[in-house]
Amino acid sequence: MEYNDFNDFELLSYIGECNEEAGEILYKKYQPLIISIATKIYKKTNNKVGLELSDLIQEGMLGLSYAIRNYNQNGKAMFFTYARTCIERKIISAIVSASRLKHRVLNESVSFNVETTRQEQSEIDSVLSDNRMNPESLLIMNETERELEYRINHDLTEQEIQILELKMNEFTYQEIANLLGISKKKVDNQLRRIRSKLRKNENK
């Protein structure tokens, strides 16, 4: 089989028939994309979580493997689009997991310092002045680690958990925004929502 003789759908069909050569061709075809995504994300982390570029490339390969196994050829998305999404999510999940291991929730306080205008900083300081709304205060209030992890996983969305983990690992608002592909304002809004959810849970 030659690299340029088959499109993605044909290769996926062959892979479904347990054709190992087709699998090798598809992995080779997507390797440059994986390296590109991993490199881009690696630069954004500023090596804060201890993962090497090779680690992220390996995670990207796992993301591609997941895409191959779960892609629905009857869906509207092209395989390229689906694969890219799976690769990015797998790499980001690895970074979040590494952050979680590096800074356990009960052992680290959260710094919410961020480069902002005076007005923005004033608004942030106003919100953080109430310790009941401050995640780092809520996260260390007489709870076992298991109970705490349950609260976080139960009350927060996947993206909120990612944002909280990255912020706890001292990523700035802008770094989190760049890493997750969202705006700095959305990061701020999500953190405010996290405070609200944890405060609401605490008062139950």
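Just so it is clear, the model here is predicted, and its values are computed rather than measured.

Novice: Talk me through unusual backbone geometry; I want residue IDs and the actual numbers.
Specialist: Even without being glycine, Cys-18 reaches a positive phi, approximately 65°. By the secondary structure assignment, Cys-18 is in the loop between α1 (8-16) and α2 (20-45).

Novice: Summarise the environment of Leu-164; cite the residues concerned and give the values.
Specialist: Locating Leu-164 in the fold gives a position in helix α8 (residues 158-168). Residue class for Leu-164 comes out buried when judged on its relative accessible area of 2%. With 12 residues separating them in the primary sequence, Leu-164 and Ile-176 have C-alpha atoms 9.7 Å apart.

Novice: Before we move on, can you summarise the pattern of salt bridges with the specific residues and values?
Specialist: Under the counting rule described, the total for this entry stands at 4 salt bridges. Salt-bridge contacts for Glu-160 lead to Lys-197; the nearest nitrogen and oxygen are separated by 2.8 Å. A residue pair is termed long-range when its members are at least 10 positions apart, and Glu-160 in helix α8 and Lys-197 in helix α10 (residues 184-202) qualify at 37 residues. For the salt bridge of Asp-188 with Arg-192, the shortest nitrogen-to-oxygen distance reads 2.9 Å. Here Asp-188 and its partner Arg-192 are both found in helix α10, 4 residues apart, which amounts to about one turn of the helix. On the accessibility criterion, Asp-188 (8% relative accessible area) is buried. The class for Arg-192 is partly exposed, based on a relative accessible area of 25%.

Novice: Quick rundown of the side chain of Gln-190? Include the residues and the values.
Specialist: Tracing the chain through its elements places Gln-190 in helix α10. Not counting residues up to four positions away in its chain, the partners in contact with Gln-190 are Gln-159, Glu-160 and Ile-163.

Novice: Tell me about the packing of aromatic side chains, and name the residues and values.
Specialist: Scanning all chains against the criterion turns up 6 aromatic pairs. On the numbers, 6.2 Å between centres and 45° between planes, the contact of Phe-9 with Tyr-71 is tilted. Here the residue Phe-9 occupies a position in helix α1, and Tyr-71 occupies one in the loop between α3 (53-70) and α4 (79-102), the gap between them amounting to 62 residues. Assessed through its relative accessible area of 35%, Phe-9 is described here as partly exposed. Judged by centre distance (5.7 Å) and plane angle (45°), the rings of Tyr-71 and Tyr-82 are tilted. Highlighted residues: Tyr-71 in the loop between α3 and α4 and Tyr-82 in helix α4, separated in sequence by 11 residues. Classification of Tyr-82 as partly exposed rests on a relative accessible area of 24%. Following the ring pairs from residue to residue traces out a cluster consisting of Phe-9, Tyr-30, Tyr-71, Phe-79, Phe-80 and Tyr-82.

How each quantity is defined
Residues numbered from 1 in each chain as written. Predicted model: local features only at pLDDT ≥ 70, side-chain atom pairs only at ≥ 80, totals over all residues. Heavy atoms only, no water. Helix = DSSP H or I, 4+ residues; strand = E, 2+ residues; numbered from the N terminus. Buried < 20%, exposed > 50% of the residue type's maximum accessible area, 1.4 Å probe, protein only. Salt bridge = Lys/Arg side-chain N within 4 Å of Asp/Glu carboxyl O. Contact = heavy atoms within 4.5 Å. Phe/Tyr/Trp six-rings, centres within 6.5 Å; stacked < 30°, edge-to-face > 60°.

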